[in-house]
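# Results of the structural survey
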Amino acid sequence: MSRIRQAVGDDVPELVRLRALLFETLGGAFFNPTAGDEEWRHQLAAVLKEQLGSDAVRVLVVDGGDGLAACGIGTIEQRLPGPHLRNGRIGFVLGVVTDPAHRRRGHSRAIMRGLLDWFREQGAARVDLHASPDGEPLYRDLGFTDHPDPALYWRP
């Protein structure tokens, strides 16, 4: 049984480590660029320290022996209401990652259930995420389906 808890400030270095691991496992130049720019890690640490106390962010972790075994991050965004988003509140799972030494023990499922409970408590009308091939079966098992909206992105 995975025991999840909300992350605290002392967890930030491990959260940065696990987030970097997430990008490494996703692969490709978009997620894991070859440029050795490590500034994003410092920026991530600063934002995590700031956001850990926010009502719009939930960071859940599972402790491992000498660090974190897993983590998951969810956010709530207030958008304009519409016919398919009556209250305009959208949840987003920014990422769930488990250290390779702690995989196949139910940590990601426990974290996702904790995040989904939090999204319900926050009144999210919808929860979005981007699934890796390895994570997709878990998310589908939890009730996620294909998104009807096409997605595009732009980088300034």
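To start, this report covers the structure provided alongside it. Being a predicted model, the structure only gives us computed values, none of them experimental. (Residues numbered from 1 in each chain as written. Predicted model: local features only at pLDDT ≥ 70, side-chain atom pairs only at ≥ 80, totals over all residues. Heavy atoms only, no water.)

Attention now goes to the nonpolar core. With 18 residues, the main nonpolar core has Leu 15, Leu 48, Val 59 and Val 61 as its most contacted residues. Of all elements in the fold, only helix H1 (12-26), helix H3 (39-51), strand S2 (57-63) and strand S3 (68-78) reach the threshold of two or more residues within this core. Looking at this core element by element, the count peaks at 6 residues for H1. Beyond its immediate sequence surroundings of up to four residues, Val 61 is in contact with Arg 3, Ile 4, Arg 5, Ala 7, Asp 11, Leu 15, Leu 68, Ala 70 and Cys 71. Core analysis: the second largest hydrophobic core is formed by 17 residues, Leu 60, Ala 69, Val 96 and Leu 115 among them. (Core = buried A, V, L, I, M, F, W, Y, C linked by side-chain atoms within 4.5 Å. Buried < 20%, exposed > 50% of the residue type's maximum accessible area, 1.4 Å probe, protein only. Helix = DSSP H or I, 4+ residues; strand = E, 2+ residues; numbered from the N terminus. Contact = heavy atoms within 4.5 Å.)

If you trace the 5 strands from one edge of the open sheet to the other, you get S1-S2-S3-S4-S5, paired in mixed fashion. Each edge of the open sheet carries a strand with a single partner, namely strand S1 (4-6) and strand S5 (126-129). Neighbour to neighbour, the strand axes of the sheet diverge by 25 degrees on average, direction disregarded. Note: S1 against S2, 3 bridges, orientation antiparallel. Each bridged residue has a counterpart across the sheet, and for Gln 6 the counterpart in S2 is Leu 60. With respect to the sheet, helix H4 (residues 107-121) is in contact with S1, S2, S3, strand S4 (89-98) and S5, its orientation differing from that of S3 by roughly 25 degrees. (Pairing = 2+ DSSP bridges. Axes fitted to C-alpha atoms, helices over the stretch in contact; angles between N-to-C directions.)

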